[in-house]
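Structure assessment
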Amino acid sequence: MSNNDLLRYSKQIILKQVGVLGQKKISSSKVLIVGMGGLGCPVALYLSNLGIKNIGIVDHDKVDFTNLNRQILFNTKDTGRLKVVQAKKILEKVDRKIKIDVYKEKIVKENIQNIMSKYHIICDCSDNFTTRYLLNDFCLKNKKILISAAISKFEAHIFNFNFSKNVPCYRCFMPEIPEEENKCDSEGILPTVAGIAGTLQANEVVKTILNKKNELVGKMIAFNTLNLNFRKIELTRNSNCIMSCKKR
């Protein structure tokens, strides 16, 4: 670790739960962020500032003017441009040593192996159930760590699926796609909800990297920013899960 890094990350290195060894683990980790929207932006920004040097970002979408209230990496000049391209420019300004791999595509069955096999920790910042199921199934099969979040209106759910452990999967929690998907475009979203949820995702990433006892593994956090009600809910294994979770 360079003297510059020791100084830059000194305020987290002095934490006994981190230290120099912990910072080295952070720097050498490889994290993939799927979706560069309201969740993906704060996740990417915090992980970059924490000192993670290898980050992959996946999104096929372009910046829309209506994104700007919550997608904090972008400004009006970015509208109409690919999110991952613009995000890379910002993240590289955080630290020139950061390697940002850009995937200008949507995660599908045909490319998921090629993209996700390079990373141990996956952040699900997507906005649809089809992608969430794909990420869940791949991470479960390959025993990767999936940090997932979903937001709508004033509420958010945060999950830590550490599939190196014997925990329920996302399909146990949500066996089927609801008839109506709650999306920000139609349901609305308070920008701070996205910021809080994305920050909590980033926090779960660094806790996982440091291998600290994690109270969220096998559970979920549900919170509402209007009444400030935070709940930790234990997930249960679904005996009818098509991923055969009960057999693990």
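Up top is the structure these notes are about.
I will try to describe carefully the structure that is included in this document. For clarity, every value in this text was computed on a predicted model and none was experimentally measured.

1. Here we look at the overall build of the chain
A count of helices and strands for the chain gives 10 helices and 8 strands. Relative to the 2.2 N^0.38 estimate, which gives 18 Å for 248 residues, the radius of gyration of the chain is 18 Å and therefore close to what a compact globule would have. Evaluated residue by residue, the chain yields a buried proportion of 51% over its 248 residues. Considering only intrachain contacts with a sequence separation of at least 6, the fraction spanning at least 24 residues in the chain is 65%. Roughly 12,600 Å² of accessible area belongs to the chain as shown, and the carbon and sulfur atoms make up 51% of that amount. Side chains of the chain give 40 positive and 23 negative charges; the mean places of these two sets differ by 10 Å.

2. Focus: helix α10 (residues 191-209)
Residues lying three or four places apart along an α-helix face the same way, a consequence of the helix completing one turn every 3.6 residues. Here α10 is 19 residues long and its end C-alpha atoms lie 28 Å apart, about the 27 Å a rise of 1.5 Å per residue gives. One or two steps after α10, the chain reaches asparagine 211, where phi turns positive at roughly 60°.

3. Notes on the sheet that holds strand β3 (residues 99-103)
Overall, mixed pairing links the 8 strands, which are arranged β3-β2-β1-β4-β5-β6-β7-β8 in an open sheet. In the strand order of this sheet, the two ends are held by β3 and β8 (229-234), each with one partner. Each strand axis lies, on average, 15° off the axis of its neighbour in the sheet, ignoring direction. Pairing of strand β1 (residues 30-34) with strand β2 (residues 54-58), which is carried by 5 bridges, proceeds in the parallel orientation. Across the sheet, valine 34 pairs through a bridge with valine 58, a residue of β2. Here helix α4 (residues 40-50) sits on the sheet in contact with β1, β2 and β4 (121-124), set at roughly 165° to β1. Contacting β1, β4 and β5 (145-152), helix α7 (residues 129-142) runs over the sheet at an angle of about 165° to β5.

4. As for the nonpolar core
Ranked by internal contacts, the top residues of the largest apolar core, which has 44 residues, are Ile33, Leu47 and Val205. Residue contributions to this core peak at 7 residues, all from α10. In this structure leucine 47 touches Val31, Ile33, Ile52, Ile55, Ala202 and Val205, once residues within four positions along its chain are discounted. Judged by nonpolar contacts, the second largest core, of 30 residues, contains Val58, Met116, Phe138 and Tyr170.

5. Structural notes on the pairing of β8
With 6 bridges connecting them, strand β7 (residues 219-224) and β8 associate as antiparallel partners. Counted as the bridge partner of methionine 220 is isoleucine 233 from β8. Hairpin geometry of β7 and β8 is characterised by an intervening segment of 4 residues between the two adjacent antiparallel strands and by a positive phi of about 55° at leucine 228.

Each value, and the rule that gives it
Residues numbered from 1 in each chain as written. Predicted model: local features only at pLDDT ≥ 70, side-chain atom pairs only at ≥ 80, totals over all residues. Heavy atoms only, no water. Helix = DSSP H or I, 4+ residues; strand = E, 2+ residues; numbered from the N terminus. Rg over C-alpha atoms; globule rule 2.2 N^0.38 Å. Buried < 20%, exposed > 50% of the residue type's maximum accessible area, 1.4 Å probe, protein only. Contact = heavy atoms within 4.5 Å. Areas by Shrake-Rupley, 256 points an atom, 1.4 Å probe, with all protein chains shown as cover. Lys, Arg positive; Asp, Glu negative; His and termini not counted. Charge placed at Lys NZ, Arg CZ, Asp CG, Glu CD. Expected span 1.5 Å × (residues − 1). Pairing = 2+ DSSP bridges. Axes fitted to C-alpha atoms, helices over the stretch in contact; angles between N-to-C directions. Core = buried A, V, L, I, M, F, W, Y, C linked by side-chain atoms within 4.5 Å.

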